[in-house]
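Overview (structure and organization)
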Amino acid sequence: MPTPNAVPAELTSFVGRRKDVAALRQLFSTTRLVTLTGIGGVGKTRLALRVAGEMQRAFPDGVCLVELASLKDPALLPHSVVDALGIKEQSPRSPMTVLRDHLGQRRMLLVLDNCEHLVDAAAGLADQVLRAAPEVRILATSRQALRIAGEHIYPVPPLPTPPPDESVEPGTATQYPSVTLFADRSAAVVPGFSITPDNEAAVVRLCRRLEGIPLAIELASVRLRVLTVHDLASRLDDRFQLLREGTRNLPERHQTLQALIDWSYDLCTPNEQRLWARASVFVGGFSTDALEAVCTDEALPRHAVLDTVAGLVDKSIFIREEQGEYVRFRMLETIRAYGQARLSESGLEPALRRRHRDRYRQLMEVAGDEWSGPRQREWASRLQLELPNLRHALEYCLSQPGEARTGLRMAAAPWLWLAMGYPTEARLWLGRALALDAEPSRERAWALATVAYIAACQGDEAAAAESAEDARRVAVHLNAPAALAYATHVRGLSKFLSTDLSGAIPLFNEALEQYAETKTPVHYPNNLRTELAAALILLGELDKAAEIIEELFRRCTAAGDQWVLSWVLWGRGFLRLIHGELDAAEADLCEALRIKRFFHDTLGMALALDVLAWTTAAKGNAERAATLFGGANPLWQTLGAPLFGWTLLLAQRAKFETMARDKMGDAQFDAALERGSALTTEETLALALRERTQPASDAPRPASTLTRREREVAELVAQGLSNKDIAAQLVISLRTAEGHVEKILTKLGFNTRTQIASWVVQRQSERT
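Residues numbered from 1 in each chain as written. Predicted model: local features only at pLDDT ≥ 70, side-chain atom pairs only at ≥ 80, totals over all residues. Heavy atoms only, no water.

Points about the nonpolar core
Formed by 204 residues in total, the largest nonpolar core has its most connected members in Phe-182, Trp-276, Leu-291, Phe-318 and Leu-383. For this core, the leading source of residues is helix α21 (residues 442-457), giving twelve residues. Non-local contacts of Leu-383, meaning those with residues more than four positions away in its chain, are made with Leu-363, Met-364, Ala-367, Leu-390, Trp-415, Leu-416 and Met-420. Judged by nonpolar contacts, the second largest core, of 33 residues, contains Leu-77, Ala-84, Val-119 and Ile-148. (Core = buried A, V, L, I, M, F, W, Y, C linked by side-chain atoms within 4.5 Å. Buried < 20%, exposed > 50% of the residue type's maximum accessible area, 1.4 Å probe, protein only. Helix = DSSP H or I, 4+ residues; strand = E, 2+ residues; numbered from the N terminus. Contact = heavy atoms within 4.5 Å.)

So, in C-alpha cells, the structure goes:
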C-alpha cells in the first residue's frame, strides 16, 4: 500500500485550543467535511495538525496531509493529492479518477491545508472524493469556506487574551492562552525568560494589542533578542514595521506580519480591497448601512456593498457579530491597521474621515429628535454600540481646523452622556471643544449649559455655577431664546445643588416658561420637571410634587420615554416612602432600577439604591437595608461622594441608616455594610430586585464531572508530576496519561495544568 504523507511532529509546543480540539473531534463523529476558517496566522494549520494527530487511530488507512500553500495552478491540485498519498500511477487515467478509485474503499482522513487561493478547485475535489469514498473524511484549512454541501465551517478565533476592560490579578496572566504562548515562545528566544511581577503587565498589554493572533505573538517574541517586553509593547503602534523578522522555516508569507496580511489582500477582489481599506475609518464596528453611507462612490457603488461584505466575511477579514437586533461587522485591529495604510496610499483618507464624521453627526441629530419617543431604548442600544465611532468623529472635529463648532454641537447632548454613564468623558470633550472655539455662538451657549448640567449631576458646585452663568451671558448676547431657557434651567439646578431650594424653584419655573416659547426637544423640560419635583419634595411641598410627578408619569408613558420615566418612578417612590406606602415605594424604586440598569445610568442607580435602602430600613429589614447601603457605596465612589454631599438628602440617609443600626447594632450593621460594598454592581442589582443570581462562569466545576481515575490524575498533576511520571506511577501508557490530562482540561474548561492544580487545591481546602 502506498504511504501517505503523515502528520508531521510538532516542533514547538501546542498552546490552548483544548475546547476546539474536543469540539472538532466530536464534529467528525457526525460530519465528513470540516473547514477551519480564520485570518492568516490565527493557527488553523496547527489546530488541524493537532486534531489529525489525535484522531490517527480512528483511521486504519492513515491520515494524509496535503500542503497547498505553494501550489499555484488549480489544475495541478489532484496531482498534488495523488503525490501526497504516495500513489505511483503511470497509466493514462486522469488523476481525479485515480483518486476516486484509490480512496473508494479506504477509511482515512485527508487534511487539505491552505485552500484559500485554490478554493474552487479544492471544493470540486472535496466534493468528488466525498461522493466516491464514503469512509473518507476531509479536514480543510482556508481563509474562506469551500461552500459545498455537507461542509461544516468551524471559525478559528484568536487565542483568548485578558479582557481590555478588566484588570488582571497579579500572577494569573498565564491562565490566558495568548500569554502562555508568548511566554513559551519567548523562553525559546531568550533562555530563562518567564512572566514576572515586573513584566506581567507589559506582557498582558502586548497580548491585548496583538489580539491573540498566534503568529503575531510569535513574531513579537523574536524581537526580545533586542528589546525588553516593555519596549516591545510600547512600539506596537507600528506593528508592521516592528514584526518584520520571522523564522526561516516558516512559509514565506508567515515570516513577517506584513507578508501575512499581503497574502490575504491579494486574494481579495478589487471591490473587496477597496471596502477593506475604506472600512478602516470605522472604529469598533459598523453596519452595512454605515458602509453604504460612508464608503461608496463610482468605483464602489452602493448596490455592490452587500456582496462585497459577504466576500470579506468569507475571507475572514470582516467578523460578523449579532448584537441584540443588529448585525454588525468588525475587523481585528491588525487587519484594520493594514486597511488604514492602504487607505492612506489611495489618497481618499481625508474625504472618508469627513464622511465618517458627517455620518455620526447626523446619527446624533436623529437620535436627539427621537430620544423621548418609543424608539428610545433602540437608540440607547445603538448609541452604546456606536460609541467608539462617535468618539472617533469627535476626535476628527477637534483635530481638523474649523471643525470644533461641529464638535460642540455633537458633544452637547446631556441625555447621551448621562443616560449611558459617561459624564466625565462628556466634560473632557466639551472642555476641549470650548477651548478651540471661543467665539460666541448658539453651540457655545448650549455646550456651556451642558457642562453646567453635568457638573451639577456630579456634585461639582463651583463648575456648575460658573458654566451656567457663562451660558446665560452668551445666550443673552446672541438673543438665543432656547439657549437662554437651557441656561436658566441649569442655573436653577446649580442652586438646587447648593441646597438653595428657595432660589432654585423660581429659576426652574422661569425656565419652563422659556422652554414653552421655543422648539427645544421635550426631554429638556421633562428633565427639569423631575428636578423641580425633587426640590418640592425636599421643601415639604408634597402635593405640588405629586401633581408634577403624576402628570409627567402620564406624559412619559404615552410617549415611551423610559429615561425620564425612571426618574419619575424614583421621585414617586420617594414620595410613597414619606407617606409610609412602603410596598408601593419599593415597587416604584425597583422598576426605576430596572430601567436605569438598561441605560447603564450610574448616578440613577446609586440614587435609586439609596432610597430603596431607606425604604427597606423603614420596613424593618435592617440587614437587607445595610447590605443595600453597602451596595450603593461603590457606585457613589465612582461619582465622588455619597449623594454628592447634598445636605438634605444626606440627612434623609442618616435618618434611615440610624434606624437600621439601632435595630441591628453597630457591629452587625457594619458587617452587612461591608458585605454589600464587596458586591459587584450586577450582584447588588440582583439583590435589590430579588433576582436569583447564576453562579460565575469561572466557578470551580464539581468533581463529579471527572471519573475516579481522572480525579486521581488531577491530584498527581497538582503534585507537579509530568505526564511521563503519572504514567509510571499509575502503570499506564504515556498516551493514556496524556489522554486523561486532555479530558480533564476539556471537562473543567481549563487551558493549563496550573489551573488543574489550583482547582485541586481549592477542593482540598473546601473539604477541610
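So, the packing of aromatic side chains
This structure, assessed with the given rule, holds 21 aromatic pairs. Taken together, a centroid distance of 5.9 Å and an interplanar angle of 85° make the contact between Phe-182 and Phe-193 edge-to-face. One end of the pair, Phe-182, is in helix α6 (residues 177-189); the other, Phe-193, is in the loop between α6 and α7 (200-209), and eleven residues separate them in sequence. For the pair formed by Phe-182 and Phe-193, the shared burial category is buried. Between Tyr-486 and Tyr-524, the aromatic rings sit 5.0 Å apart at their centres with planes inclined by 70°, giving edge-to-face as the arrangement. Residue Tyr-486 is located in helix α23 (residues 481-497), and its partner Tyr-524 is located in helix α25 (residues 523-539); the two are separated by 38 residues in the primary sequence. Grouping residues by exposure puts Tyr-486 and Tyr-524 together as buried. Through successive ring pairs, a cluster of aromatic residues spans Trp-371, Trp-415, Trp-563, Trp-567, Trp-570, Phe-574, Phe-598, Phe-599, Trp-614 and Phe-656. Its guanidinium or amino end placed over the ring of Phe-553, Arg-572 lies 4.5 Å from that ring's centre, counting from NZ or CZ. (Phe/Tyr/Trp six-rings, centres within 6.5 Å; stacked < 30°, edge-to-face > 60°. Lys NZ or Arg CZ within 6 Å of the ring centre and 35° of its normal.)

A few points about the confidence of the model for the protein chain
For the protein chain, the mean per-residue pLDDT works out to 86, and 92% of the residues sit at or above 70. Below a pLDDT of 50 lies the segment residues 693-701, which in the model reaches eight contacts outside its immediate sequence neighbourhood of four places, other chains included. (pLDDT = per-residue confidence, 0-100.)

Side note on the pairing of strand β2 (residues 63-67)
Among the five residues that make up β2, four are buried, leaving the element largely enclosed by the rest of the structure. With five bridges joining them, β2 and strand β3 (residues 109-113) adopt parallel strand pairing. Its bridge partner lying in β3, Val-63 is registered against Leu-109. (Pairing = 2+ DSSP bridges.)

Regarding the sheet that holds strand β4 (residues 137-142)
Across the sheet, which stays open at both edges, the five strands sit in the order β2-β3-β4-β1-β5 with parallel pairing between neighbours. Since the sheet does not close on itself, it has two edges, and those belong to β2 and β5 (151-155), each with one partner. Taken over all neighbouring pairs, the strand axes of this sheet differ in orientation by 20° on average, direction set aside. Relative to β4, strand β1 (residues 33-37) runs parallel, the two being bridged by five bridges. Within β4, the residue paired with Thr-37 across the bridge is Ser-142. Across the sheet, helix α3 (residues 77-84) lies against β2 and β3, angled at about 140° from β2, the strand it touches most. (Axes fitted to C-alpha atoms, helices over the stretch in contact; angles between N-to-C directions.)

Focus on the pairing of β3
Counted residue by residue, β3 has five buried out of five residues, so it is predominantly covered. Going residue by residue along β3, you find Leu-109, Val-111 and Asp-113 tucked away on one face and Leu-110 and Leu-112 tucked away on the opposite face as well. The pairing of β3 with β4 spans four bridges and is parallel. Paired with Leu-112 across the bridge in β4 is Ala-140. Once the chain exits β3 it traverses helix α5 (residues 119-132) before rejoining the sheet at β4, and the crossover so formed is right-handed. (Right-handed = clockwise from strand over helix to strand, strands pointing away.)

Points about the side chain of Arg-328
If you trace the backbone, Arg-328 turns up in strand β7 (residues 326-330). In terms of polar contacts, Arg-328 uses its side chain to reach the side chain of Glu-386, at 2.9 Å. When sequence neighbours within four positions are dropped, the list of residues in contact with Arg-328 reads Gly-285, Phe-286, Ser-287, Ile-319, Arg-320, Glu-321, Gln-323, Leu-385, Glu-386 and Asn-389. (Polar contact = N/O pair within 3.5 Å; in protein donor to acceptor, adjacent residues only side chain to side chain.)

Some details on the pattern of salt bridges
This model, assessed by the stated rule, comprises 53 salt bridges. The salt bridge partner of Arg-661 is Asp-666, with a shortest N-O separation of 3.2 Å. In this structure Asp-666 comes out as partly exposed when scored by relative accessible area, which is 48%. Here the salt bridges share partners, and the residues they tie into one network are Arg-354, Arg-357, Asp-358, Arg-361, Glu-365, Glu-403, Arg-409 and Glu-443. (Salt bridge = Lys/Arg side-chain N within 4 Å of Asp/Glu carboxyl O.)

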